[in-house]
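If you want the building blocks of each chain, they are given just below.
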Amino acid sequence: MGKIILKKPDIELLNKQGYNCVDLHTHTTYSDGTMNYNEIIKHTKKLKIGFSITDHNLITGAIKACAQNKRNKNKQLIIPGIEVTTDKYKDLLFYFYDIAELIEFYSKIKKDISRPKLKKVPKKIISSDEILDISKQYNCLSSIPHPFCLRPKRAYKYFQKKPTVLKKIDAIEVINSILKKRRNEKAILWNLELEKAFTGGSDAHRLKDLGNVITGVKSNTVEDFLNGVLKKKNVVMGAPGKIPKKILSQIRIAGTNIKIWSPLQRKPKQKNNKIRKT
């Protein structure tokens, strides 16, 4: 069975035990991160870990990182990924066995997701249920990120009220370095209740945060890694970052996500100009 450990990752020890460690939640300048894909490649090499670029509603960073890794003879374990914001502000992470399948999946959903940097805002945003149905056409793993984060992104209550949708999801992100310890503990307990697979990632938007949380599997390929997660043969290890880091990260995320959410906001109520009777 897998392990969930709420403490700073000991990469060296995990590597000695045969685990290939991957930070499964990172963001580049293509969405709301402050680092480019080349910087992530260089920094994670120093840390001796792999990574997944999970930009919000965009896959350019993931494509370029995978292409660079191929030129380097796949020396790093890079998982093709994306974080999609659905119609009720709820995010979903998707991890693919092959970059070609991620590209095909993205081609089917891109018209129904908000991409403010590209000035693409659809009239109707895709729902969690719809995107999960589409994902089942591909070899991929789905995970709910930061289920106990601040509203309106908090996913716990939303999916609890939608058991048929929740059933379609493969995993829960049990440790996210941006969240406080108690919020991660709630995610761990919820996952134990659901008995789903589990993932963990730093949610890094800056180089300093990379590797704060890792998911480790005894594997050398993307296929074996994701299969290991699905079979709960993985370890997730990590701890929340320091308070200033978390505050800075959350402010930056909120700033970008306001743009993503903006087309979904309700129209302001019109003021009632009727004169009250005295």
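Let me begin by describing the structure that accompanies this report. None of the values given here were measured: they were computed from a predicted structure. (Residues numbered from 1 in each chain as written. Predicted model: local features only at pLDDT ≥ 70, side-chain atom pairs only at ≥ 80, totals over all residues. Heavy atoms only, no water.)

### Quick word on the overall build of the protein chain
Turning to step 1, where the next piece is worked out: Helices and strands together make up the secondary structure of the protein chain, namely ten helices and ten strands.
Turning to step 2, where the next piece is worked out: Across the 278 residues that make up the protein chain, the buried fraction comes to 52%.
Turning to step 3, where the next piece is worked out: Restricting to contacts in the protein chain with at least 6 residues of sequence separation, those with at least 24 account for 77%.
Turning to step 4, where the next piece is worked out: A total accessible area of about 14,500 Å² is found for the protein chain, and carbon and sulfur atoms account for 52% of it. (Helix = DSSP H or I, 4+ residues; strand = E, 2+ residues; numbered from the N terminus. Buried < 20%, exposed > 50% of the residue type's maximum accessible area, 1.4 Å probe, protein only. Contact = heavy atoms within 4.5 Å. Areas by Shrake-Rupley, 256 points an atom, 1.4 Å probe, with all protein chains shown as cover.)

### Points about the sheet that holds strand 7 (residues 171-176)
Turning to step 1, where the next piece is worked out: One open sheet holds the five strands; their spatial order is 4-5-6-7-8, and the pairing between them is mixed. Where the open sheet ends on each side, the last strands, each with one partner, are strand 4 (81-85) and strand 8 (197-201). Strand-to-strand twist in this sheet, taken as the mean axis angle between neighbours without regard to direction, amounts to 35 degrees.
Turning to step 2, where the next piece is worked out: Both strand 4 and strand 5 (residues 91-96) contribute to a ladder of five bridges, which runs antiparallel. Opposite G81, over in strand 5, you have Y95 as the bridge partner.
Turning to step 3, where the next piece is worked out: The sheet strands contacting helix 9 (residues 222-230) are strand 5, strand 6 (140-144) and strand 8, and the helix crosses strand 8 at an angle near 120 degrees. (Pairing = 2+ DSSP bridges. Axes fitted to C-alpha atoms, helices over the stretch in contact; angles between N-to-C directions.)

### Considering the nonpolar core
Turning to step 1, where the next piece is worked out: Of all hydrophobic cores here, the largest spans 41 residues; its most connected members are F94, F105, I109, I131, I144 and F159.
Turning to step 2, where the next piece is worked out: If you tally residues by element for this core, the top one is helix 4 (residues 99-109), at four residues.
Turning to step 3, where the next piece is worked out: Sequence-distant contacts of I144, that is, excluding residues within four places in its chain, are made with L92, A155, F159, L166, I169, A171, I172, E173 and W190.
Turning to step 4, where the next piece is worked out: With 14 residues, the next largest nonpolar core counts Y95, L141, A197 and V217 among its residues. (Core = buried A, V, L, I, M, F, W, Y, C linked by side-chain atoms within 4.5 Å.)

### Here we look at the side chain of S135
Turning to step 1, where the next piece is worked out: Position of S135 relative to the elements: it lies in helix 5 (residues 128-135).
Turning to step 2, where the next piece is worked out: A polar atom in the side chain of S135 sits 2.7 Å from the backbone oxygen of L132.
Turning to step 3, where the next piece is worked out: Leaving out residues up to four positions away in the same chain, S135 has contacts with F94, F105 and C140. (Polar contact = N/O pair within 3.5 Å; in protein donor to acceptor, adjacent residues only side chain to side chain.)

### Regarding unusual backbone geometry
Turning to step 1, where the next piece is worked out: Omega for the peptide link from R151 to P152 comes to 5 degrees, which places this bond in the cis form.
Turning to step 2, where the next piece is worked out: One can find P152 in the loop between strand 6 and helix 6 (156-160).
Turning to step 3, where the next piece is worked out: Despite not being glycine, Y89 has its phi angle at roughly 70 degrees, a positive value.
Turning to step 4, where the next piece is worked out: In the Ramachandran plot, D203 falls in the positive-phi region, its phi being about 60 degrees despite a non-glycine side chain.
Turning to step 5, where the next piece is worked out: As for its position among the elements, D203 is in the loop between strand 8 and strand 9 (213-217).
Turning to step 6, where the next piece is worked out: For D203, a relative accessible area of 5% gives the class buried.

### Examining the sheet that holds strand 9
Sheet strands associate in pairs through backbone hydrogen bonding, adopting either a parallel or an antiparallel arrangement.
Turning to step 1, where the next piece is worked out: Taken in spatial order, the five strands of this open sheet run 1-10-9-2-3, and their pairing is mixed. Sheet topology places strand 1 (3-5) and strand 3 (50-53) at the edges, where each strand pairs with a single neighbour. Neighbour-to-neighbour, the strand axes of the sheet open up by a mean angle of 20 degrees, direction not taken into account.
Turning to step 2, where the next piece is worked out: Sheet topology places strand 2 (residues 20-26) next to strand 9; three bridges connect them, and they run antiparallel.

### Considerations on the environment of N139
Turning to step 1, where the next piece is worked out: For N139, the position within the fold is in the loop between helix 5 and strand 6.
Turning to step 2, where the next piece is worked out: Sequence-wise, N139 and F96 are 43 residues apart; in three dimensions their C-alpha atoms are separated by 6.2 Å.
Turning to step 3, where the next piece is worked out: Residues in contact with N139, not counting those within four places in the same chain, are Y95, F96, Y97 and E101.
Turning to step 4, where the next piece is worked out: Side chain to side chain, N139 and E101 meet in a polar contact 3.3 Å long.

### Points about the packing of aromatic side chains
Turning to step 1, where the next piece is worked out: Inspection of the entire model under this criterion finds eight aromatic pairs.
Turning to step 2, where the next piece is worked out: Plain terms: the ring middles of F148 and W190 are 6.2 Å apart, the flat faces sit at 85 degrees to each other, and that makes the pair edge-to-face. Of the two residues, F148 is situated in the loop between strand 6 and helix 6 and W190 in helix 8 (residues 181-194); the sequence distance between them amounts to 42 residues. Comparing F148 with W190, the two get one shared label, buried.
Turning to step 3, where the next piece is worked out: On the basis of an interplanar angle of 85 degrees and a centroid distance of 5.1 Å, the ring pair of Y156 and W190 is categorised as edge-to-face. Residue Y156 is found in helix 6, and its partner W190 is found in helix 8; the two are separated by 34 residues along the sequence.
Turning to step 4, where the next piece is worked out: What links up through ring pairs into an aromatic cluster is the set F94, F96, F105 and Y138.
Turning to step 5, where the next piece is worked out: Just above the ring of Y158 sits the side chain of K90; from NZ or CZ to the centre is 5.3 Å.
Turning to step 6, where the next piece is worked out: The aromatic ring of Y19 is capped on one face by K218, whose charged end is 5.2 Å from the ring centroid. (Phe/Tyr/Trp six-rings, centres within 6.5 Å; stacked < 30°, edge-to-face > 60°. Lys NZ or Arg CZ within 6 Å of the ring centre and 35° of its normal.)

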